[in-house]
Amino acid sequence: MKAEPAVQRQLLELAKVDAELSRTAHRRRTLPELAEIDAGEKTARERRDALVSVETAASDLDREVARQEKEIESVRAREDRDRKLLASGSVNSKQMTDIEHELQTLQRRQSALEDDLLELMEQREALGLDAQRTGAEVDKAEAEVAAAVARRDEAFKDLDTTRARREEDRAKLLPRFPEPLLKLYERVREQKGIGAALLRARRCGACQLEMDRNTIAEIKAAPEDDVIQCENCGAVLVRTMESGL
């Protein structure tokens, strides 16, 4: 393949633009904020799940407290009724004995229920504090994710600006190359990552392979408009004064 030496040298400009585009794309894929967001979202989900669990347990306790309070009220109402019946003087001695026995039973029952209620209320208070702590952890995790998203979006904005500029530069360069040379460059770039590189001091600028004397002699003897490729990576070797030929 033939191409004017000046045109071949312009491949270095194209390769430089493509290298920056590749770095920009790699940077976009590997921003540390991306991993931070993933980890933060996982933490936030775990915290939210924990909060739901605590709130569910608290709701269950609230129902149990309400049931316990209702039962205590029922016992108190029964006790009031029995005391009023005793005070009325309308019961005989046997009924009085039965009522007094029932009052003792009701008092024991009320005492046990009140002890259980106190324990439930202490558990509920502890769950309330746990819910506050977990809720604060959810807020913190979500705030950290939001901050990471903001940093990611700002970085994306900068990277997209860089990419747009380099794509504009690339579009301006492409018409300078004959189609066969451009196809060769694009094919090698797609396969190897770098389509053209400077031959400097007997070394390929793409794969850094140092060439032997025979290869260098062949390259030196080749016409200036010959398109030379690296035997190792296939990149177009652009010859300049730095090539040491």
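Here, every reference points to the structure presented above.
Residues numbered from 1 in each chain as written. Predicted model: local features only at pLDDT ≥ 70, side-chain atom pairs only at ≥ 80, totals over all residues. Heavy atoms only, no water.

Undergrad: Which residues make up the overall build of the protein chain, and what values go with them?
TA: Along its length, the protein chain carries 5 helices and 4 strands. Starting at the N terminus and walking to the C terminus, you meet the elements of the protein chain as α-α-α-α-β-β-α-β-β. For the protein chain, the C-alpha radius of gyration of 42 Å lies well beyond 18 Å, the compact-globule estimate for 245 residues. Each principal axis of the C-alpha atoms in the protein chain carries an extent, and together these give about 135 × 35 × 25 Å. By residue count, 31% of the 245 residues in the protein chain fall in the buried class. The long-range fraction of contacts in the protein chain, counting pairs at least 24 apart against all pairs at least 6 apart in sequence, stands at 74%. In the structure as shown, the protein chain presents an accessible area of about 15600 Å², 50% of it carried by carbon and sulfur atoms. Charge-centre separation for the protein chain: the mean point of 44 positive side chains lies 7 Å from the mean point of 52 negative side chains. (Helix = DSSP H or I, 4+ residues; strand = E, 2+ residues; numbered from the N terminus. Rg over C-alpha atoms; globule rule 2.2 N^0.38 Å. Buried < 20%, exposed > 50% of the residue type's maximum accessible area, 1.4 Å probe, protein only. Contact = heavy atoms within 4.5 Å. Areas by Shrake-Rupley, 256 points an atom, 1.4 Å probe, with all protein chains shown as cover. Lys, Arg positive; Asp, Glu negative; His and termini not counted. Charge placed at Lys NZ, Arg CZ, Asp CG, Glu CD.)

Undergrad: Give me the lowdown on the layout of surface pockets, citing residues and values where you can.
TA: Its boundaries defined by the atoms lining it, the second largest pocket holds a volume of some 170 Å³. Along the walls of the second largest pocket sit 14 residues, with Ala15, Lys16, Ala19, Ile194 and Ala196 positioned nearest its centre. When residues of the lining of the second largest pocket are traced back to their parent elements, those giving at least two are helix 1 (5-29), helix 4 (179-192) and strand 1 (196-200). Looking at side-chain class alone, the lining of the second largest pocket contains 8 nonpolar, 3 polar and 3 charged residues. (1 Å grid on protein atoms, 1.4 Å probe; cavity = no way out; pocket = protein on both sides within 12 Å on 5 of 7 lines; lining within 4 Å. Points joined across faces, edges and corners; volume = space filled by probe spheres on them. Nonpolar A, V, L, I, M, F, W, Y, C, P; charged D, E, K, R; others polar.)

Undergrad: Any chance you could break down the sheet that holds strand 2 (residues 203-204) for me, citing the residues and the numbers?
TA: Spatial ordering of the open sheet is given by 2-1-4-3, a layout of 4 strands whose pairing is mixed. The open sheet terminates on both sides in strands that have one partner only, identified here as strand 2 and strand 3 (228-229). Relative to strand 4 (residues 236-239), strand 3 runs antiparallel, the two sharing 2 bridges. Among the inter-strand pairings, Ile228 is bridged to a residue of strand 4, identified as Leu237. (Pairing = 2+ DSSP bridges.)

Undergrad: Account for the nonpolar core, naming residues and giving values.
TA: Ranked by internal contacts, the top residues of the largest apolar core, which has 18 residues, are Leu11, Leu14, Phe177, Leu181, Tyr185, Val227 and Val236. Taken together, the elements giving at least two residues each to this core come down to helix 1, helix 4 and strand 4. Per-element accounting of this core gives the leading share, 6 residues, to helix 1. Once residues lying within four places of it in the same chain are set aside, the contact partners of Tyr185 are Leu11, Leu14, Ala15, Asp18, Arg170, Gly195 and Ala196. (Core = buried A, V, L, I, M, F, W, Y, C linked by side-chain atoms within 4.5 Å.)

Undergrad: Describe the packing of helix 1 against helix 3 (residues 93-173), with residues and values.
TA: Between helix 1 and helix 3, whose axes approach to 9 Å, the crossing angle comes to 155 degrees. Considering their axes alone, helix 1 and helix 3 lie roughly antiparallel with respect to each other. When the axes of helix 1 and helix 3 are compared, the crossing they make is left-handed. Residue-level inspection shows Glu13, Leu14, Val17, Asp18, Glu20, Leu21, Thr24, Arg27 and Arg28 of helix 1 in contact with helix 3, the latter providing Phe156, Leu159, Asp160, Thr162, Arg163, Arg166, Glu167, Asp169, Arg170 and Leu173. (Axes fitted to C-alpha atoms, helices over the stretch in contact; angles between N-to-C directions. Parallel < 35°, antiparallel > 145°, perpendicular 65-115°, else oblique. Left-handed = near helix turned anticlockwise from the far one by under 90°.)

Without other data, these values stay purely geometric and don't point to any function.
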